[in-house]
Amino acid sequence: MDKNNTGKESKNKINKRFSLSLMIVGPVTLLMLLLSTALYIIGYNRFTKSITEEYTDIAYRTAQTCEAMMDVDKIDDYLEKLDESDPDFQETNKRIQWICDSMGMNVIYVVRPDSTYRKFTSVFNCPGPDSGYTAWELGTIHDISVDDYEDILRGMYEGDVERTTIFRDNNLGDAVPHITSLCRLVGSDGEVKGVMCVQRVMSKLVDERQEYNRKVGLITIIIVLIIFLSISVFIRRQVSEPLEAVRNEAERFVVEETKHTGELAEIKSRVNEINSLSLSIDDMEREIVEYIDNITNITKEKERIGTELQLAGMIQEDSLPNVFPPFPDINEFDIYASMKPAKEIGGDFYDFFLIDDDHLGLAMADVSGKGIPGALFMMVTKILINEHAKAGLTPADLMNLVNLRICEHNKSNMFVTIWFGILDLNTGIITAVNAGHDDPAICKNGGNFELHKVKHGFPVGVRKKIRYNEYEIQLGVGDKIFIYTDGVPEATDINDQMFGVDNMLASLNRSKDKKLKEILESITGEIKGFVGDAIQFDDMTMLCLEFKGR
């Protein structure tokens, strides 16, 4: 039994030493791998460049040879007569075919594009014996299936492009990798008569690159393995074994949960860092018991705060109207609202309430702070608005009074933007005041949502002596109004791009004919899709009302 236990302990020690060595050697090996990869990429690029330059040069020279063996000015006659039995045409075609065969080209052809550069007419077409292509007849029209060709042909006819080369080694379907060199053919009158195209299969380039990948890859793997094994042996002998004693003492302390014994201070090593580690762990053992006691108390306190925040969030949610429809017996309007705080509790709020049988109060506000301070400031502001509105004040007088009350007890210098309006259920007129808040969006019956812009007043709480002005919005039967906080248009994705007012209006207009709840759910869904995995940094509060009239 003792021998078995000893064997297991030895095996565990070996495994743990290897793990430590791996963790130390890993970054070094990774660095070597990255350096090897960088050298491989540099060599690969140089090798590819030299081969491609050779291919390009041969293709261009072939095109020049073909051009020299033909009369460019006769291309117009060939396309006009469309007579492949013409002796001159046949002779030129034989010369081009001979060059294609002798130079090992895949295909050599001369074309003339139309004015759109999406189609071209074949003049000469000489495929190689092993190309698999069938020669096009003189005058046949073909589509251009590659966008690069369209741009190049346009540049040759309308610009100063004399020649160019296109490499195609992917997305070829059944075709093989190849290059195509294109040269424009200019007649004696200076006009471009056509384009000479020389296509060559890149079999040599592909084969040589594969061989390069095999050899360099094998050498890189061997070098990395040698370095890995050498450093692993060195680390195990010079570092892992001295650290074993330190590790055992640390494990003992964790399992037995005892105070430090002072044994770590007696560990000696030729590595100064290990001696320092031993002394540090010895000090840690002495302090860890005190730390556990402290962290236990802190955890209890955090749990208490978390519970209180959760309760505060529930209270805040219950303080807002959240039962829909809120007035089942009233048919003059439909209304729906929602709030999604960025934290447990937010600084936004919305409110709507009947001032009397003929008037409905609407409020939307955004406090400058978040968390508990913002929530308390929000509750005070909401209560003041509700009380003064039911006292019969106009929106402007209400905002003047609320601002005065807030400024009198605002040592924290917080402020709140507010949009408040009173809807006359008989006329559809909203008398509103805007204290630095976002402009509402209005949707006329049969129209689209558009911002209703007016001059804003200062936010509430900024200055004591402010006089707010009110304005009117006329709603007709079927019209809608959408009020919100800046957390909606300023919702930001991981690239710091904002959702924006334009996207907000577009989203509203896509769902303008839906029910009010569906409108808010739709814009919330679009914001969520736009933001993605980004963290919500601001509260998002929305309210939508449809006026139906009496």
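That block above? That's the structure.
Residues numbered from 1 in each chain as written. Predicted model: local features only at pLDDT ≥ 70, side-chain atom pairs only at ≥ 80, totals over all residues. Heavy atoms only, no water.

Engineer: Outline the overall build of the chain, listing residues and values.
Structural biologist: For the chain, the count of helices and strands is ten helices and 16 strands. Every one of the 550 residues in the chain was classed for burial, and the buried ones make up 41%. When contacts within the chain are restricted to residue pairs at least 6 apart in sequence, those whose partners lie at least 24 apart make up 67%. In the form shown here, the chain has an accessible surface area of approximately 30,900 Å², with 54% of it arising from carbon and sulfur atoms. (Helix = DSSP H or I, 4+ residues; strand = E, 2+ residues; numbered from the N terminus. Buried < 20%, exposed > 50% of the residue type's maximum accessible area, 1.4 Å probe, protein only. Contact = heavy atoms within 4.5 Å. Areas by Shrake-Rupley, 256 points an atom, 1.4 Å probe, with all protein chains shown as cover.)

Engineer: Now, about the state of the cysteines: what can you tell me, with residues and values included?
Structural biologist: Here a disulfide denotes a covalent bond joining the sulfur atom of one cysteine to the sulfur atom of another. One pass over the structure, following the stated rule, counts zero disulfides. Between Cys-197, a cysteine without a disulfide, and Cys-183, which holds the nearest cysteine sulfur, the sulfur-to-sulfur distance is 8.7 Å. Residue Cys-197 is classed as buried on the basis of its relative accessible area, which comes to 2%. Cys-443 takes part in no disulfide bond, and the closest cysteine sulfur to it belongs to Cys-544, at a distance of 8.4 Å. Judged by its relative accessible area of 4%, Cys-443 falls in the buried class. (Disulfide = S-S within 2.5 Å.)

Engineer: I'd like to hear about the packing of aromatic side chains, residue by residue, with values.
Structural biologist: Ring pairs (aromatic) are described by centroid distance and by the angle formed between their planes. Summed over all chains, the structure comprises 14 aromatic pairs. Considering the side-chain rings of Phe-324 and Tyr-336, the 4.4 Å spacing of their centres and the 45° angle between planes classify their relative orientation as tilted. Pair noted here: Phe-324 is in the loop between α6 (272–319) and β7 (333–340) and Tyr-336 is in strand β7, with a separation of twelve residues, a long-range link. Overall, Phe-324 belongs to the partly exposed group, its relative accessible area being 26%. Here the aromatic rings of Tyr-350 and Phe-352 are separated by 6.4 Å at their centres, their planes lie at 15°, and the arrangement is stacked. Here Tyr-350 and Phe-352 have matching classes, each one buried. Site record: aromatic cluster; members linked through ring pairs are Phe-324, Phe-327, Phe-333, Tyr-336, Tyr-350 and Phe-352. Note that Arg-463 overlies the ring of Phe-458, its terminal NZ or CZ placed 5.3 Å from the centroid. (Phe/Tyr/Trp six-rings, centres within 6.5 Å; stacked < 30°, edge-to-face > 60°. Lys NZ or Arg CZ within 6 Å of the ring centre and 35° of its normal.)

Keep in mind these numbers describe shape, not what the thing actually does.
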